[in-house]
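An overview of the molecular structure
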Amino acid sequence: MGKYLVLWEVDWTKIPIDRKERGIGWNGLVALVKKDIQEGITKDWGAFAGETNGYSIMEASEVELGKALQKYVPFTKFDIKAIATVDQVQEVIDDLKK
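Quantities reported herein were computed from a predicted structural model and do not represent experimental measurements. (Residues numbered from 1 in each chain as written. Predicted model: local features only at pLDDT ≥ 70, side-chain atom pairs only at ≥ 80, totals over all residues. Heavy atoms only, no water.)

1. Notes on empty space enclosed by the protein
Put simply, the rule is: The method works on a 1 Å grid over the protein atoms by themselves. A cavity is a set of points holding a 1.4 Å probe that cannot get out, a pocket is an open set with protein on both sides within 12 Å along at least five of seven lines, and residues with an atom within 4 Å of a point line them. Grid points are joined across faces, edges and corners, and a volume is the space filled by probe spheres set on the points. A run of H or I in DSSP counts as a helix once it spans at least four residues, and a run of E counts as a strand once it spans at least two, with each numbered from the N terminus.
Within this structure, the stated rule accounts for one cavity of 30 Å³ or more. The computed volume of the largest cavity comes to approximately 120 Å³. Contributing to the lining of the largest cavity are 13 residues, with W8, V33, W45, S56 and Y72 lying nearest its centre. Mapped onto the lining of the largest cavity, the elements with two or more residues apiece are strand 1 (2–10), helix 1 (19–39), strand 2 (42–47), strand 3 (53–60) and strand 4 (76–83). No other element matches the three residues that helix 1 contributes to the lining of the largest cavity.

2. Overview of the sheet that holds strand 4
Where we set the bar: Between any two strands, pairing holds if DSSP finds at least two bridges. For helices, the fitted line uses only the C-alpha atoms of the stretch in contact; every axis is such a line through C-alpha atoms, and the angle between N-to-C directions lies from 0 to 180 degrees. When checking whether two residues touch, look at their non-hydrogen atoms; a contact exists if any pair is within 4.5 Å.
Pairing is antiparallel across the open sheet formed by four strands, whose spatial order is 2-3-1-4. The open sheet has two free edges, formed respectively by strand 2 and strand 4, since each of these has just one partner strand. Across the sheet, the axes of successive neighbouring strands diverge by a mean angle of 15°, strand direction being ignored. Looking at chain direction, strand 2 and strand 3 are connected through five bridges and run antiparallel. The residue bridging W45 from the neighbouring strand is S56, located in strand 3. Where helix 1 meets the sheet, it contacts strand 1, strand 2 and strand 4, and its direction lies at approximately 155° from that of strand 2.

3. Thoughts on the layout of surface pockets
Cut-off, in case you're wondering: Only Asp, Glu, Lys and Arg are considered charged, only Ala, Val, Leu, Ile, Met, Phe, Trp, Tyr, Cys and Pro nonpolar, and every remaining residue, Gly among them, polar.
A volume near 250 Å³ is recorded for the largest pocket. In this structure, the largest pocket is lined by 13 residues; those nearest its centre are V10, G25, W26, L29 and F75. With five residues, helix 1 is the single largest residue contributor to the lining of the largest pocket. Each residue belonging to the lining of the largest pocket can be placed in one class, and the counts come to eight nonpolar, two polar and three charged.

4. Side note on the pairing of strand 1
Regular strands show a simple pattern: their side chains alternate between the two faces of the sheet. Bridging between strand 1 and strand 3 involves eight bridges; their strand directions are antiparallel. Within strand 3, the residue paired with Y4 across the bridge is M58. Direction of pairing for strand 1 relative to strand 4: antiparallel, over a ladder of eight bridges. From the neighbouring strand, V10 faces strand 4, where its bridge partner is T76.

Take a look at the structure:
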């Protein structure tokens, strides 16, 4: 199982102009995020203040991650970075010393 930094951004072309419709859309997004947190795949989530983007920290296999993120498509775009733990980085450093 891997750990991932998922940078997300809501697609501006999918955001309703009407304020109430935007509220309904954001409420739906946050409900999906809360479900992912309850299920344990999302470990941390946040929106950048005043923006329509943010981040998630997710732990999953590549397939689980793909399945989890598909529910947000086509409303959200993602930039995904695999995260190496300090122990994994140490293992790479130790290999350099051989």
